Amino acid sequence: MNILPKTAAHTAATSAENDMRTGHETSPLLQVHGLRTEFVTETGIVRAVNDVDLTLHTGKVLGVVGESGSGKSVTARSIMRMVHSPGRIVAGEILFNGRDLRGLTTDEMRHIRGSEIAMVFQDPQSALNPVMSVGDQIAEALIVHGSDKRTARRRALELLEQVGIPDAERRVDEYPHQFSGGMRQRVVIAIALASSPKLLIADEPTTALDVTIQAQILRLLARLKDDVGVAVLMITHDMGVVAETCDDVAVMYGGRVVEHGPAEVIFARQEHPYTADLLKAMPRIDENGDGRRSQGLPAIPGAPPDPAALPPGCAFHPRCRLAEDQCRSDVPELSPRENGLRAAACWITERGDTIPPLEPADHTGRTTASGGRVTGIAVHPDEDTRGAGSDTSDSTGALQDLLVVDDLRVNVAADRRSLFGRPDPVYAVDGVSLSVAGGETLGLVGESGCGKSTLARTVVGINRPSSGSIRVGAGLVDASSPGGIQALQSTVQYVFQDPYASLNPRRTVRQSLDEALEMRGVPRSERAGESIELIRRVGLNEGHLDRYPHAFSGGQRQRIGIARALAVEPRVLICDEPVSALDVSIQAQIINLLETLRDDLGLGYLFIAHDLSVVRHLSDRVAVMYLGQIVETGPVEAVYSSPQHPYTVALMSSSPVPDTAVRDRERIVLTGDLPSPKDPPSGCRFRTRCPIGPLVHPERQICVEKEPALNTTPAGQRAACHFAGEMVLAPAS
Amino acid sequence: MATNTTTVNGPANGAGNVGAVPRPSARRSGGGAWQRYVSALKRPRGAVGAGLLALLILAAVLAPVLFPDGYDDQSSGALAGPSAGHWLGTDELGRDILARTVFGLRTDISLLLTAVPLSAAIGTLMGLAGVIARWLGTGMQRLLDIILGFPGLILGMTIVLVVGTGWLALFLSILVVGLPMFGRQARAGLLAEQEREYVLAARVLGVRKRTVMVRHVLPNIIDPIVVNASVFMVVAIFIEAGLSIVGLGIEPPVPSLGAMLNTGARYVEVHPAYIIGPGLVLLLLALGFTLLSDALNKAVLRR
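Caption draft 1: Fine view of the confidence of the model for chain A. Residue and element names in this part refer to chain A. With 88% of its residues at a pLDDT of at least 70, chain A reaches an overall mean of 84. Considering only residues more than four positions removed or in separate chains, one finds that residues 1-24, a stretch of pLDDT under 50, has 22 contacts. Contacts of residues 363-397 to residues separated by more than four positions or lying in other chains number 73 contacts, the stretch itself having pLDDT below 50.

Caption draft 2: Spotlight on the packing of helix α8 (residues 167-194) of chain B against helix α10 (residues 209-245) of chain B. Residue and element names in this part refer to chain B. The contact between α8 and α10 brings their axes to 9 Å, and the two run at 150°. The angle between the axes of α8 and α10 places the two elements in the roughly antiparallel class. Relative to α10, the crossing made by α8 is right-handed.

Caption draft 3: How the structure looks around the sheet that holds strand β8 (residues 231-236) of chain A. Residue and element names in this part refer to chain A. The strand order across the open sheet formed by eight strands is β6-β7-β8-β3-β9-β10-β12-β11, and the pairing between neighbours is mixed. In this open sheet, the two strands that pair with only one neighbour each are β6 (117-120) and β11 (335-337). On average, adjacent strands in this sheet sit at an angle of 20° to one another, irrespective of strand direction. Where β11 meets strand β12 (residues 342-344), three bridges bridge the pair, whose relative direction is antiparallel. Counterpart to Arg337 in the pairing with β12 is Arg342. Each of β6 and β7 (199-203) touches helix α8 (residues 181-193); the most contacted strand, β6, lies at about 170° to it.

Caption draft 4: Seen up close, the pattern of salt bridges. Residue and element names in this part refer to chain A. What the rule picks out here adds up to 50 salt bridges over all chains. With a shortest N-O distance of 2.6 Å, Arg170 and Asp167 are connected by a salt bridge. According to the relative accessible area criterion, Asp167 is partly exposed, its value standing at 43%. The residue Glu577 makes a salt bridge to Lys452 at a minimum N-O spacing of 3.8 Å. With Glu577 in the loop between β19 (572-576) and α22 (584-601) and Lys452 in helix α17 (residues 452-459), this residue pair connects regions lying 125 residues apart in the sequence. Across the pair, exposure class does not vary: Glu577 and Lys452 are buried alike. Taken together, the shared-partner salt bridges in this structure form one network comprising Glu259, Arg269, Glu271, Arg337, Glu338 and Arg342.

Caption draft 5: Main features of the pairing of β6(A). All names here are of chain A. Every second residue of β6 is oriented toward a common face, with Ile117 and Met119 on one face and Ala118 and Val120 on the other, all of them buried. Two strands pair when backbone bridges link them, and β6 and β7 are joined in this way by four bridges, in the parallel orientation. Opposite Ile117, over in β7, you have Leu199 as the bridge partner.

Caption draft 6: Representation of a nonpolar patch on the surface. A surface patch of nonpolar side chains, about 610 Å² in accessible area, is lined by Ile57(B), Leu58(B), Val61(B), Leu62(B), Val65(B), Leu66(B) and Leu113(B). Broken down by element, the nonpolar patch gets its largest block of residues, three residues, from helix α3 (residues 44-61) of chain B.

Caption draft 7: Quick look at the sheet that holds strand β17 (residues 477-478) of chain A. All names here are of chain A. Taken together, four strands build an open sheet; the order of strands is β14-β13-β16-β17 and the sheet is antiparallel. Strands with a single pairing partner mark the edges of an open sheet, and in this sheet they are β14 (427-437) and β17. Pairing analysis gives five bridges linking strand β13 (residues 401-411) to strand β16 (residues 467-472), with the strands arranged antiparallel. Bridge pairing in β16 links Leu403 to Val472. Here α17 sits on the sheet and contacts β13, β14 and β16; the angle it forms with β13, its principal contact strand, is near 120°.

Caption draft 8: Representation of the pairing of strand β22 (residues 629-635) of chain A. Residues and elements named next belong to chain A. Of all the seven residues making up β22, six are buried; the element is thus mostly covered by neighbouring parts of the structure. As paired elements, strand β21 (residues 621-626) and β22 share six bridges and run antiparallel to each other. Residue pairing in the sheet places Arg621 in a bridge with Pro635 of β22. Remark: two residues form the turn of the hairpin made by β21 and β22, two consecutive strands paired antiparallel; Leu627 in that turn has positive phi of roughly 50°. Relative to strand β24 (residues 718-719), β22 is paired through two bridges, and the arrangement is antiparallel. Bridged to Glu632 within β24 is Ala719.

Caption draft 9: Spatial organisation of helix α9 (residues 211-228) of chain A. Residue and element names in this part refer to chain A. For α9, which comprises 18 residues, the first-to-last C-alpha distance of 25 Å matches the rise-based estimate of 26 Å (1.5 Å per residue) to within 8%. Taken together, the buried positions of α9 are Val211, Thr212, Ile213, Gln214, Ala215, Gln216, Ile217, Leu218, Leu220, Leu221, Leu224 and Lys225. Remark: Gly229 follows α9 within two positions and exhibits a positive phi of approximately 75°.

Caption draft 10: Inspection of unusual backbone geometry at higher detail. At the junction of Pro252(B) and Pro253(B), the peptide bond is cis and its omega measures out at 10° in the coordinates. Examined against the element boundaries, Pro253(B) turns out to sit in the loop between α10 and α11 (257-266). Positive phi is not limited to glycine here, since Arg81(A) has a value of about 55°. Positive phi, normally seen in glycine, also occurs at Asp407(A), with a value near 45°. If you trace the backbone, Asp407(A) turns up in strand β13.

Definitions and cut-offs
Residues numbered from 1 in each chain as written. Chains lettered and ligands numbered in written order. Predicted model: local features only at pLDDT ≥ 70, side-chain atom pairs only at ≥ 80, totals over all residues. Heavy atoms only, no water. pLDDT = per-residue confidence, 0-100. Contact = heavy atoms within 4.5 Å. Axes fitted to C-alpha atoms, helices over the stretch in contact; angles between N-to-C directions. Helix = DSSP H or I, 4+ residues; strand = E, 2+ residues; numbered from the N terminus. Parallel < 35°, antiparallel > 145°, perpendicular 65-115°, else oblique. Left-handed = near helix turned anticlockwise from the far one by under 90°. Pairing = 2+ DSSP bridges. Salt bridge = Lys/Arg side-chain N within 4 Å of Asp/Glu carboxyl O. Buried < 20%, exposed > 50% of the residue type's maximum accessible area, 1.4 Å probe, protein only. Patch = residues over 30% accessible without salt bridge, like charges linked within 9 Å, V, L, I, M, F, W, Y side chains within 5 Å. Areas by Shrake-Rupley, 256 points an atom, 1.4 Å probe, with all protein chains shown as cover. Expected span 1.5 Å × (residues − 1).

Below is the structure:
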């Protein structure tokens with residue numbers, strides 16, 4: 001694809017060719033022209049979708065990718081004509097099979113919805129009616145469109161089988177709460193497919209799901225596309241998902257499509273600086289060598305624009321490293337490139353300039369305060385010149401353990417008893433040992449429900465351990481001993497996942513920081529100065545101190561959350577999914593900040609995440625958790641290059657990679673869901689889903705009978721599997 | 001101080017980032033408490049409601065000045081129609097209805113403005129009792145459930161039985177009837193807030209329970225309670241009226257709006273102005289609180 005001739009000057013001829021090219025194939029199923037959707041708010045008109053053009057052919061998947069506020073979801077809803085007041089579609093045409101949906105009456109549109117265009121939503125939890133059996137919900141879609149009850153039920157059964165629900169005959173009469181998240185999403189897809197639609201609009205269909213489940217759903221969508229011949233409009237923020245599933249991509253930013261074209265072409269080379277920099281800012285699971293300690297991520301500065309206050313000219317210009325005067329004043333139109341194969345809306349590349357490769361950000365990552373092009377906030381001038389690799393703890397070699405967890409078990413149902421007072425224990429964490437030393441990062445990965453957050457919360461004293469020990473500080477004081485709680489609070493602090501929930505909306509930043517400083521015993525008179533130092537350390541400035549959390553973006557709030565944790569001068573930070581709620585372009589900023597802080601302050605991190613790429617980038621060692629236990633742990637390089645436990649292998653191969661070049665790699669897609677910790681399987685807990693366990697090798701009874709110990713493998717890490725190393729990660733080629 | 005030169009476009013920029021549908025990013029809940037309450041008064045409903053209430057309260061406060069003869073002057077003929085001397089006429093004992101209406105309003109307002117806030121305060125404390133000890137919290141909830149189990153009228157009658165009819169009985173009735181609502185609301189708020197990450201963050205820092213309560217929990221649950229209290233004002237008006245109608249209201253000759261409605265209803269055919277006066281004032285009072293609570297609801301609770 002990169003051997004395609006690159007034409008320097010684009011003229012009307014190219015667009016004519018473009019027309020010919022599309023005319024060649026069958027006429028598109030969906031064609032959106034100049035779509036514009038506005039919302040009337042108290043503060044004025046917000047143009048959420050602006051001049052959007054999209055084309056989608058039958059049997060293809062078009063990915064619409066963008067960050068929050070980019071207008072991708074509103075675009076999807078506009079196509080369905082489901083924009084509610086105060087929103088309205090003000091311009092453009094939505095041609096579906098040649099008919100303009102905008103011209104249809106409400107009744108005609110209602111008929112199209114569900115029968116010809118169906119939608120799959122992000123959250124399967126709220127997309128299903130909890131008081132209706134799933135069979136009835138699927139049948140409802142059919143009955144509405146004129147099918148009788150008997151056929152509807154038969155078809156419902158058929159659909160459940162088609163979307164891969166085992167034992168459909170029995171499950172058709174069950175209620176949504178009896179299904180797991182992944183299974184619910186399959187039901188939602190079954191409902192969408194009920195009346196054989198021609199177009200399926202999937203709005204972040206896998207965002208609420210775990211990676212192994214996400215892999216199942218993506219595979220299902222790909223299969224349906226081929227089997228049923230449905231076209232899919234995939235709305236997502238995840239470049240990895242796009243690379244894995246989409247034929248074409250439209251990248252949205254600030255309500256406009258800034259780049260579109262075939263997926264391979266776009267992932268091979270980008271014509272818009274936003275796409276280019278966004279891809280570079282994402283850590284890669286197949287990132288080679290020591291990503292850590294060498295370079296920070298090349299983060300895009302600033303935050304995605306508020307659709308209510310878009311900057312003039314190109315909406316990306318305040319964050320663009322190539323911005324020129326023209327970008328600041330004139331909005332670039334989407335212009336065809338490479339003979340109409342692709343298009344981009346950028347003044348720089350339109351005149352033929354290429355996007356220069358991004359300089360790796362200096363590891364200190366101080367390029368990214370909160371907006372604008374901030375370069376170098378000199379917090380500690382003496383440290384600025386320091387090479388990133390010359391970390392003190394590295395040079396001394398021996399790391400000092402600051403947090404040691406030994407054989408920890410946590411019963412999350414300790415205060416819940418059955419009606420007659422019988423204890424009914426649920427061990428969310430069941431015998432976990434780990435340690436974190438100053439200056440190093442232990443990455444903890446696992447799917448939701450595996451107990452990683454419970455573990456973290458138990459360490460800081462939010463949950464109470466049932467057995468095992470937690471020792472903290474330089475003296476490794478037992479946290480449960482008298483005085484241990486003080487040692488714990490002054491040594492270990494917590495960075496929360498959701499930056500919108502972790503700050504009290506009623507308290508200013510200064511008040512939040514003051515509270516933490518007070519706990520450290522900083523006298524009132526010194527708190528102001530300390531606050532300024534803290535806020536600068538996380539890349540904000542003292543002007544931010546007297547504002548309330550609602551005035552900040554997600555990334556900024558996460559910085560404040562980090563500042564609050566730092567205020568007690570902890571030695572260890574527990575980061576519980578600190579970037580997973582943030583926009584992709586913001587994630588890199590926070591990751592860089594965490595790296596800088598770790599290296600400047602010699603902090604130890606217990607870094608919890610479900611995103612394997614982020615963990616790889618940041619960690620020295622990694623531990624993989626499954627159903628309350630660690631199944632594999634060791635140095636990051638060893639675990640990522642040759643995972644020994646089949647679960648680790650499956651996790652890694654399911655993790656989407658933002659690169660179409662590796663989309664055909666072999667993937668191990670696990671079947672089923674995480675079992676309940678209330679009643680874990682005997683022997684090896686993974687055996688119910690294991691691709692090399694008794695499921696496929698019935699003779700392997702050892703997996704059922706004997707719990708595997710965490711043994712050292714020849715590769716150097718430890719893995720809890722009777723057949724460790726048998727399964728190999730297929731090399732990404 | 002070189003950092004000061006950096007341009008920060010954050011605040012204006014970031015607020016609207018959540019969710020796909022753009023929302024007005026101008027004024028969101030969060031920030032100074034008073035500003036939000038004051039902003040309720042800037043809404044048309046809030047302004048009208050507050051104005052109405054201010055007028056009524058002013059009249060109630062100034063009642064002895066406006067009607068120097070008091071509510072008990074029987075110098076005129078009974079059940080006289082409206083006249084220049086008595087704008088609404090006189091009642092069955094020849095007392096000026098207008099004067100009695102305004103003094104009745106005084107009774108009602110004195111009840112509402114004391115009983116309702118006190119009920120909200122005590123109810124909230126009962127709802128938060130679980131912080132001190134788990135059993136105490138559960139115990140309080142059961143107590144509130146018991147209160148909720150009795151109809152308001154029965155409660156009122158019981159209270160009258162204990163303290164006798166009069167202002168105090170009405171005051172206690174309103175107070176007790178309100179407790180379960182406020183107590184449960186506070187409890188629900190507490191349970192939700194306890195799991196919030198900022199409350200957990202404070203706990204991880206080692207902040208004391210009581211401080212967490214005052215700093216983090218209370219400010220975040222108080223708004224809906226205030227709104228509910230303003231709604232409960234209207235309910236309280238009807239509690240007063242209801243108890244008066246069954247004769248458990250204020251002790252004569254002191255007037256209250258409810259008691260006047262009760263007596264006025266008997267003469268509605270011969271003397272319609274009798275019931276219209278207190279009825280209208282009662283309506284305006286309820287309307288004022290309704291409009292105000294509506295505006296508070298919109299201004300304060302918008303998350």
